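Here are the chains, one letter per residue:
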There are 2 protein chains.
Amino acid sequence: MDKKELPIGVFDSGMGGLTAVKELRDILPHEDIVYLGDTARVPYGSKSRETILSYAAEDLAFLKKVGVKFTIAACGTVSSVMARDNIFEDERSCGVIRPSVKTAAEVSKNKKIGVIATPASISSGNYERLLKELSPDIEVYSKPCPMFVPLVENGYVERGCIPAVEIAKEYLLPLKQAGIDTLILGCTHYPLLSGIISDILGDGVRLISSGAEAARHAQRLLGEKGLLSTKSGPGTLKLYCTDSADLFMENATHFIDLGGARAERVSLGE
Amino acid sequence: MDKKELPIGVFDSGMGGLTAVKELRDILPHEDIVYLGDTARVPYGSKSRETILSYAAEDLAFLKKVGVKFTIAACGTVSSVMARDNIFEDERSCGVIRPSVKTAAEVSKNKKIGVIATPASISSGNYERLLKELSPDIEVYSKPCPMFVPLVENGYVERGCIPAVEIAKEYLLPLKQAGIDTLILGCTHYPLLSGIISDILGDGVRLISSGAEAARHAQRLLGEKGLLSTKSGPGTLKLYCTDSADLFMENATHFIDLGGARAERVSLGE
């Protein structure tokens, strides 16, 4: 097959990476997309570095076997842990951290940037390190938000939803008080909370969605290499998961309109 | 070794089973205890039946290899899925469902019993089935509470904590309105929320902790068989986990005073 017409691969520990798929479909509607959600082992965010690395290696190997022209690790936790050793980002793949870090450094005027993500992503220190590499005078204010994924997965996302607003205030008010003008949403679940987050931080704070930035990064890289699809019809979406396909389909609808796409269950690491 | 002096094994997908360990140590202070938390794959509650069964089989095989005289599956999800086929409960082991169901049926006066647990436990239908087997006139009011585990694991457990109280009201007010006089806490994390739960339900509702009932069941069975330890000193506690031991130790302190016990990381299924 012409390399141009191979699909773009996206993987995540669970469902959150579907927000990156949504962004990809918006900006690259003709591309085929293959998604893998490692739902039998979700979440990765609370696990140790070495466990996360071994799971990510299996996810990558699976997509390589399926055959993709580019891979997005649409999992903040994997992207963060892997960015530490520069072992993942090259011309065939990217995580969700570097693209969002680059955009945040470009758009911030006062050089005070907030980062919210899972505990594993924050404690890796990668956001801070990468932002300071781009511009040493940036001040970074980080906050792990362990309750945001369960809130999103259980539908506590509407503006005014009391438990979500109370928990979000606890996480975000210190960042607001620090005077940030830009906030990186360093977990692909978090865009679903952007209404609540904006209400707390106000219009003066620009939200950077890590999934959207990774999608734009993929578009740019593939364009430069002449690897964008030349098809005219709508791209296909193929979904794989590692736990029940029915459960996956049911939960996925919180994140994305699946259209007619079906999920298939696969085993990793065999 | 004299079989009497073998440890009691307890396993869970993560930390929650430590509440059963706490109960065991209270009522059987001379017994040695071995705990396994499958932290690399936690949580089980959102996974499919067949995945849960294969994980549980590996947990059991591990404790059998270590050598225990009795095993408590201190995981509501595993207990529930296994109870469906009667494949786990015998004279050498028990889950946390049957003992709590038995106690609830005994103490309820108006025969209206509430059950709260993870979505997998509730959708298995086992609580309802087992309660009705004991007494067909019992009315069962079940409610899955998917946010309770993340709330507990992130420390939202104090009376008056707004997000926890709001979410708990959403789950519990329908049970209160139904007029229950007994509530089974069908997940070993939930006893940490018993203050909040009592405040909502009032003094008229008796809370049954599934971990405590399983501990009493183990005590009764071991006593009947003459298998209680005859040692006079305090029993030891040995902890195993499948992800980082440091992470386990850190999180375990939310649930139990570890004393000098250390955790050791092990691999399952090899």
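Residues numbered from 1 in each chain as written. Chains lettered and ligands numbered in written order. Predicted model: local features only at pLDDT ≥ 70, side-chain atom pairs only at ≥ 80, totals over all residues. Heavy atoms only, no water.

Trainee: Help me understand the interface of chain A and chain B, please; the structure alone is not making it clear to me.
Mentor: Interfaces are often sized by the amount of accessible area the parts lose when they come together. Listed per partner, the contact involves 27 residues of chain A and 27 residues of chain B. Taken over both partners, the interface formed by chain A and chain B buries close to 1,900 Å², and the fraction arising from carbon and sulfur atoms is 56%. Sorting the residues of chain A by area buried against chain B places K47(A), M147(A) and Y156(A) first, and these three jointly supply 23% of that buried surface. The tally of links between chain A and chain B comes to two salt bridges. A salt bridge links R265(B) to E50(A); the nearest nitrogen and oxygen atoms lie 3.9 Å apart. (Contact = heavy atoms within 4.5 Å. Buried area = accessible area lost by both parts, 1.4 Å probe. Salt bridge = Lys/Arg side-chain N within 4 Å of Asp/Glu carboxyl O.)

Trainee: Looking at this model, I keep getting lost on the side chain of T39(B). Mind explaining?
Mentor: With respect to the element layout, T39(B) can be found in the loop between β2 (33–37) and α2 (49–66). If sequence neighbours within four positions are ignored, T39(B) has contacts with K47(A), S13(B), G14(B), M15(B), C241(B), T242(B), D243(B) and F248(B). (Helix = DSSP H or I, 4+ residues; strand = E, 2+ residues; numbered from the N terminus.)

Trainee: What is the right way to read the environment of G125(B) from this model?
Mentor: Within the secondary structure layout, G125(B) lies in the loop between α5 (119–124) and α6 (126–134). Distance from G125(B) to R84(B), taken between C-alpha atoms, is 8.3 Å for residues 41 residues apart in sequence.

Trainee: Would you take a moment to explain the packing of helix α4 (residues 98–107) of chain B against α6(B) for this structure?
Mentor: When two helices pack together, their arrangement is given by the angle between the helix axes and the distance between those axes. All names here are of chain B. At a minimum axis distance of 10 Å, the contact between α4 and α6 shows a crossing angle of 45°. As the angle between them shows, α4 and α6 are arranged oblique. Considering only the axes of α4 and α6, their crossing is right-handed. Judged by residue contacts, R98, S100, V101, K102 and A105 of α4 engage Y127, L130, L131 and L134 from α6. Across the contact of α4 with α6, the residue classes break down as six nonpolar, one polar and two charged. (Axes fitted to C-alpha atoms, helices over the stretch in contact; angles between N-to-C directions. Parallel < 35°, antiparallel > 145°, perpendicular 65-115°, else oblique. Left-handed = near helix turned anticlockwise from the far one by under 90°. Nonpolar A, V, L, I, M, F, W, Y, C, P; charged D, E, K, R; others polar.)

Trainee: Any chance you could explain unusual backbone geometry here in plain terms?
Mentor: Negative phi is the rule for most residues except glycine; trans is the rule for most peptide bonds. Cis geometry marks the peptide bond from V42(A) to P43(A), where omega comes out at -5°. By secondary structure assignment, the location of P43(A) is in the loop between β2 (33–37) and α2 (49–66). If you check the backbone angles, K111(B) has positive phi at about 65° while not being a glycine. Mapped onto the secondary structure, K111(B) falls in the loop between α4 and β5 (112–117).

Trainee: What am I meant to see in the pairing of strand β1 (residues 8–12) of chain B here?
Mentor: The side chains of a regular strand alternate, first on one face of the sheet and then on the other. Residues and elements named next belong to chain B. With respect to burial, β1 is a largely interior element, five of its five residues being buried. Residues I8, V10 and D12 point to one face of β1 and G9 and F11 to the other, with burial holding for every one of them. Bridge count for β1 against β2 is five bridges, and the pairing is parallel. The residue bridging G9 from the neighbouring strand is V34, located in β2. (Buried < 20%, exposed > 50% of the residue type's maximum accessible area, 1.4 Å probe, protein only. Pairing = 2+ DSSP bridges.)

Trainee: Would you explain the relation of the copies chain A and chain B in this entry?
Mentor: The two chain copies are related to each other by a rotation about an axis together with a translation along it. Taken as rigid bodies, chain A and chain B are interconverted by a rotation of 180° and an axial shift of 0.0 Å, the fit giving an RMSD of 0.0 Å. The transformation just described matches what one would write down for a two-fold rotation axis. Identified as the residue of chain A closest to the rotation axis by C-alpha distance is P163(A), at 2.1 Å. When the interface residues of chain A are mapped onto chain B, 100% of them are again interface residues, pointing to one common binding face. (Least-squares fit on C-alpha atoms with pLDDT ≥ 70 in both.)

Trainee: Hey, could you run me through the side chain of T118(A) in this one?
Mentor: Mapped onto the elements, T118(A) comes out in the loop between β5 (112–117) and α5 (119–123). Not counting chain neighbours up to four residues away, the residues in contact with T118(A) comprise G45(A), T77(A), P144(A), C187(A) and Y190(A).

Trainee: How should I be thinking about the packing of helix α3 (residues 76–83) of chain A against helix α6 (residues 126–134) of chain A in this particular structure?
Mentor: Residue and element names in this part refer to chain A. It is the contact of α3 with α6, at a shortest axis distance of 9 Å, that shows an interaxial angle of 60°. Taken together, α3 and α6 sit at an angle that is classed as oblique. Here the hand of the crossing between α3 and α6 comes out left-handed. Of the residues in α6, those touching α3 at S80, V81 and A83 are N126, R129 and L130. Counted by class, the contact of α3 with α6 contains three nonpolar, two polar and one charged residues.

Trainee: It is not clear to me how the environment of K4(B) should be interpreted in this structure. Could you clarify?
Mentor: Residue and element names in this part refer to chain B. Summarising the element assignment, K4 is placed in the segment before β1. K4 gets classed as partly exposed once you look at its relative accessible area, which sits at 26%. Separated by 225 residues in the primary sequence, K4 and S229 have C-alpha atoms spaced 5.1 Å apart. With sequence-adjacent residues up to four places away left out, K4 is seen in contact with E31, K69, G226, L227, L228, S229 and T230.

Trainee: Looking at this structure, how should I read the sheet that holds strand β3 (residues 70–73) of chain A?
Mentor: Residues and elements named next belong to chain A. Spatially, the six strands line up as an open sheet ordered β4-β3-β1-β2-β9-β10, and their pairing is parallel. Edge strands, defined here as strands with exactly one partner in the open sheet, are β4 (93–94) and β10 (263–265). When β2 meets strand β9 (residues 237–241), the two strands line up parallel, connected through five bridges. Note on β9: the bridge partner recorded for L36 is Y240.

Trainee: Even after reading the chapter, I still don't get the domain arrangement of chain A, so can you show me in this structure?
Mentor: Residues and elements named next belong to chain A. Splitting chain A by domain gives domain 1 (3–95 + 213–265) and domain 2 (97–211). Both sides together, the interface formed by domain 1 and domain 2 hides about 1,900 Å², and carbon and sulfur atoms give 52% of it. The tally of links between domain 1 and domain 2 comes to zero salt bridges. Inspection of the domain 1/domain 2 interface yields 17 residue pairs in polar contact (both at pLDDT 80 or more). Among the secondary structure elements, those contributing two or more residues to the side of domain 1 that touches domain 2 are α1 (18–27), α3 and α10 (210–224). Ranked by residues supplied to the side of domain 1 that touches domain 2, first place goes to α3 with six residues. For the side of domain 1 that touches domain 2, the per-class residue count stands at eight nonpolar, 12 polar and five charged. (Domains from an automatic or database assignment. Polar contact = N/O pair within 3.5 Å; in protein donor to acceptor, adjacent residues only side chain to side chain.)

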